[in-house]
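Coordinate analysis (summary)
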Amino acid sequence: MEKTAERKKLKPSKKQVTKTIFLTCMLIYPLAQFLIFYVYLNFNNIIMAFQGMRPDGSTYWNAFENFKFVFHGVDSTLINISFWNNLKMFALTLVIGMPLNLLFGYYLYKKKFGSSIIRVVYMLPNMVSGVVITLLFMKFMEIGFPQMMQELFGIQIPNLIRNNNSAFGVQVFYTLWLGFSTSIIIYSNAMFSIDEGVIEAGKIDGTTTLQELFRIVVPLIFPTISTYMITGVASIFTVAGSLYLFYGLNDVPQKTYMMGFYLFKIAMAGDLTAYPVGAAVSILITIVTVPLTLGVRWLLNRVDPMRDVYGDIA
Amino acid sequence: MKQHVKKKRIKEAKALFIVVGIIFLIHGLSLLLPFVWMIMTSFKGRLDYADSFLGLPTTWRFENYTSIFEILKVEVIRNGQFYEYNIFGMLGNSLILAVFKSFFSLLSVVLCAYCVAKYDFKLRKLLFNINIFVMVIPIVGSLATTLTVYRQFGIYNNFLMYIIFPGSPFGFNFLLLYGAFKAIPNSYSEAVFIDGGGHLTVFLRVIIPVMLPTLSALYILSFIGLWNDYSASLIYLPSVPTLAYGLYLFQYDSAKYGASLPEVLAGFAICSIPSVVLFCSFQKVITQSLTVGGLKE
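So, how was this worked out
Residues numbered from 1 in each chain as written. Chains lettered and ligands numbered in written order. Predicted model: local features only at pLDDT ≥ 70, side-chain atom pairs only at ≥ 80, totals over all residues. Heavy atoms only, no water. Helix = DSSP H or I, 4+ residues; strand = E, 2+ residues; numbered from the N terminus. Rg over C-alpha atoms; globule rule 2.2 N^0.38 Å. Areas by Shrake-Rupley, 256 points an atom, 1.4 Å probe, with all protein chains shown as cover. Lys, Arg positive; Asp, Glu negative; His and termini not counted. Charge placed at Lys NZ, Arg CZ, Asp CG, Glu CD. Salt bridge = Lys/Arg side-chain N within 4 Å of Asp/Glu carboxyl O. Buried < 20%, exposed > 50% of the residue type's maximum accessible area, 1.4 Å probe, protein only. Contact = heavy atoms within 4.5 Å. Buried area = accessible area lost by both parts, 1.4 Å probe. Polar contact = N/O pair within 3.5 Å; in protein donor to acceptor, adjacent residues only side chain to side chain. Nonpolar A, V, L, I, M, F, W, Y, C, P; charged D, E, K, R; others polar. Axes fitted to C-alpha atoms, helices over the stretch in contact; angles between N-to-C directions. Parallel < 35°, antiparallel > 145°, perpendicular 65-115°, else oblique. Left-handed = near helix turned anticlockwise from the far one by under 90°. pLDDT = per-residue confidence, 0-100. Pairing = 2+ DSSP bridges. Core = buried A, V, L, I, M, F, W, Y, C linked by side-chain atoms within 4.5 Å. Domains from an automatic or database assignment. Expected span 1.5 Å × (residues − 1). Bend = angle between axes of the 7 residues up to and from the residue. Phe/Tyr/Trp six-rings, centres within 6.5 Å; stacked < 30°, edge-to-face > 60°.

1. What to know about the overall build of chain A
What chain A contains, in helices and strands, is 16 helices and two strands. For a compact globule of 314 residues, the expected C-alpha radius of gyration is about 20 Å, and chain A comes in at 26 Å, more than 25% above that figure. A principal-axis box enclosing the C-alpha atoms of chain A has dimensions of 100 × 70 × 35 Å. For chain A, the exposed area adds up to about 15,400 Å²; of that, 65% sits on carbon and sulfur atoms. Of the side chains in chain A, 24 bear a positive and 17 a negative charge, and the two mean positions are spaced by 9 Å.

2. With respect to the overall build of chain B
Assigned secondary structure in chain B consists of 14 helices and two strands. Taken over C-alpha atoms, the radius of gyration comes to 25 Å for chain B, far larger than the 19 Å a tight globule of 297 residues would show. Summarising its shape, the C-alpha atoms of chain B cover approximately 75 × 70 × 40 Å along the three principal directions. Here chain B has roughly 13,900 Å² of accessible surface; of this, 66% comes from carbon and sulfur atoms.

3. Overview of the pattern of salt bridges
If you walk through the whole model with that rule in mind, you get seven salt bridges over all chains. The partner of E212 of chain A in a salt bridge is K110 of chain A, with the nearest N and O atoms 2.8 Å apart. On the criterion of sequence distance, the pair formed by E212 of chain A in helix α11 (residues 209–220) and K110 of chain A in the loop between α4 (76–109) and α5 (115–121) is long-range, its members being 102 residues apart. Judged by relative accessible area, which is 0%, E212 of chain A ranks as buried. By relative accessible area, K110 of chain A is classed as partly exposed at 22%. R61 of chain B is the partner of E63 of chain B in a salt bridge, and the nearest nitrogen-oxygen pair spans 3.6 Å.

4. Some remarks on the interface of chain B and chain A
Every contact between the two is made by 99 residues of chain B and, on the other side, 94 residues of chain A. Between chain B and chain A, roughly 8,900 Å² of surface is buried when both sides are summed, and carbon and sulfur atoms account for 76% of that area. At the junction of chain B with chain A, the criterion picks out zero salt bridges. Applying the counting rule to chain B against chain A returns nine residue pairs in polar contact (both at pLDDT 80 or more). No other element matches helix α1 (residues 2–42) of chain B, which puts 21 residues into the side of chain B that touches chain A. Its residues placed into classes, the side of chain B that touches chain A shows 68 nonpolar, 25 polar and six charged.

5. Notes on the packing of helix α4 (residues 87–118) of chain B against helix α8 (residues 172–182) of chain B
Between two packed helices, the angle of one axis relative to the other and the distance separating the axes together describe the packing. All names here are of chain B. Running from N to C, α4 and α8 cross one another at 45°; their axes reach a closest spacing of 8 Å. One finds that α4 runs oblique with respect to α8. When the axes of α4 and α8 are compared, the crossing they make is right-handed. Together, L106, V109, V110, C112, A113, Y114, V116, A117 and K118 of α4 and N173, F174, L177, Y178, F181 and K182 of α8 make up the contact between the two elements. Split by residue class, the contact of α4 with α8 holds 12 nonpolar, one polar and two charged.

6. Thoughts on the packing of helix α2 (residues 14–49) of chain A against α4 of chain B
Across the interface, α2 of chain A lies against α4 of chain B with an axial gap of 9 Å and an inter-helix angle of 130°. When the axis of α2 of chain A is compared with that of α4 of chain B, the two are oblique. In this structure, α2 of chain A meets α4 of chain B at a crossing whose hand is left-handed. Every residue of α4 of chain B that contacts α2 of chain A at F22, L23, M26, L27, Y29, P30 and Q33 of chain A is listed here: F104, L107, S108, L111, C112, Y114 and C115 of chain B.

7. Thoughts on the confidence of the model for chain B
Within chain B, residue pLDDT values average 87, and 95% of them lie at 70 or more. Reported confidences for the modelled complex are a pTM of 0.85 and an ipTM of 0.85.

8. Regarding the pairing of strand β1 (residues 73–78) of chain B
Residue and element names in this part refer to chain B. Relative to strand β2 (residues 81–86), β1 runs antiparallel, the two sharing six bridges. Bridging across to β2, K73 finds its partner in N86. Linking β1 to β2, which pair antiparallel, is a turn of two residues; within it N79 sits at a positive phi near 50°.

9. Some points on helix α12 (residues 243–253) of chain B
Along an α-helix, a turn takes 3.6 residues, which lines up residues three or four apart on a common side. Most of α12 of chain B sits inside the fold, with eight of its 11 residues counted as buried. Within α12 of chain B, burial applies to L243, A244, Y245, G246, L247, Y248, F250 and Q251 of chain B.

10. Considering the nonpolar core
L177 and F181 of chain B are the most contacted members of the largest nonpolar core, which has 193 residues in total. Here this core gets 14 residues from one element, more than from any other, and that element is α4 of chain B.

11. Focus on the domain arrangement of chain B
All names here are of chain B. According to the domain assignment, chain B contains domain 1 (2–42) and domain 2 (74–289). When each unit is reduced to the centre of its C-alpha atoms, the spacing between domain 1 and domain 2 is 34 Å. Domain 1 puts six residues into the contact, and the matching count from domain 2 is eight residues. Around 530 Å² of area is buried between domain 1 and domain 2 when both sides are counted, 86% of it from carbon and sulfur atoms.

12. Observations concerning helix α13 (residues 261–281) of chain B
Here α13 of chain B contains 21 residues, and its C-alpha end-to-end distance of 30 Å stays within 8% of the 30 Å for a straight helix at 1.5 Å per residue. Largest kink in α13 of chain B: about 35°, centred on S272 of chain B, with the proline P274 of chain B one to four residues after it.

13. Overview of the packing of aromatic side chains
Residues and elements named next belong to chain B. Inspection of every chain in the model, using the stated rule, returns 52 aromatic pairs over all chains. Relative to F223, the ring of Y219 lies with its centre 6.5 Å away and its plane at 40°, an arrangement referred to as tilted. With Y219 and F223 both in helix α10 (residues 199–228), this residue pair falls four residues apart, about one helical turn. According to the relative accessible area criterion, F223 is buried, its value standing at 9%.

14. Focus: the domain arrangement of chain A
Residues and elements named next belong to chain A. When its domains are assigned, chain A resolves into domain 1 (2–49) and domain 2 (74–310). A separation of 39 Å is found between the C-alpha centroids of domain 1 and domain 2. Opposite the four residues of domain 1 that make contact, domain 2 presents six residues. At the boundary of domain 1 with domain 2, total buried surface from both sides reaches about 400 Å², with 71% on carbon and sulfur atoms. Together, N45, M48 and A49 form the three largest contributors to the area buried by domain 1 at its contact with domain 2, with a combined 91%. Connecting domain 1 to domain 2 are zero salt bridges. Classifying every residue of the side of domain 1 that touches domain 2 gives three nonpolar, one polar and no charged.

Laid out in structure tokens, this is it:
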């Protein structure tokens, strides 16, 4: 009698079986892709970093030669420049972009003059091909801007896009110029979810507008800000700017190189023997990115103004 | 005293919003400029464009919009042979890619996020943590390996495979949908179970209709992104040129086909029509559904 009861207990109910079948059917497609495109792909990437590749695609064991090449090979200067350019680009877009994003988001949240039109206009660059935007920007920088400076101030401006010393500055400006679109909408949407009662209570207590923004709104949307920051740091070295659209594959000024573009160039150049170097570079920058991201995450946890209320970020 | 604080508050708010408003205005206008420039230049003649880079067309050449249909051609190599695509072939490729790849990408995320948000099972916590792991600790810059794996699985230069396998479901969209699914009350599904419905009925008849605005917004954004993207053909599908890729190639090759920049821009303007129409039609749904929460359950 006891045994039958135990068996009954062990045997899953019909309800459980249908649930398991349903979950299996639902998850098989996404998980298969995760296993191929994340687990298998990255496993391959690690293996490839220690291999050499012949022009026909066959591989051989190459120990740490690819890593040595990264530090001492012909591309080491380029890799070094790319590494620092990515860090500079991130720092500049963070220092200039983040406060402006918050201010713009706050402007939309307060539904000030032209907010509804601005919400549409800021999404427009996403509607047009990046090729058009780059084309116009390049034409303006190469023809329009020098012409304007000559006519207005009599100053002759060199070609800033092609000049090795100014090209990176142009890239930073271009990234910042196009950088405020979806992020402003996301920040303002997060602000709209704030309980009006909290804002009203602040007003009764006499908070000024800036105090309201920095002492009430920013702390309450901090989860969104920190998610943005963490994923931003995590993708710090994948940024390639629009270098390919600006210069094509082979004419990028050396001082403008970025890690994303360097890896893109390796993949696109069609030389299979260079692939393992790309894999080695990707392993190295992952080694730098992981502690950096975890450090930022830890720091954001410490400074989260709502930490005492909601607990740590997972 | 209170009156004084109120006055100070109003003054400060006014000053802040005027400054932000002016920056917004200047920046917003500069973002509109590429769009306006593209349209204006697309109506110019060759000489007209050479004379004035930013000005209005002296005579409006509508012929640019008809001639681009005849001259826009792109050559690709498939199985060692040259194929020439005209604008309709590229339009077809763009449409297939944008419609179906957006669908499969979203499907993959929806299936995974729904199960993790709404069901209690052994892998649930692990899958959520994997998403956080993927977002926080990415393996960076493995494009060369991606190409190798794509070749191994027959995805490289294979239109159908490229569409069916959109990649890992984890990332921002997973987080966004996880939060949205989680917000749907469980009482909805319980009512269906009481009426004798199953898990699939709940998913298809209750959850999907409730989530339709968010899903539509994500689908449209993905559609627009893929429609305007030239890099998919450049990197993974070199024998399947989309319109964006074709135009990207054509701007370098235009002289060979006797085309001018205004004609190329007329092509880009045509290419932008579906994105702009879609965005304007669903603008409210798209902008309202863009929310990202914190990285915690």
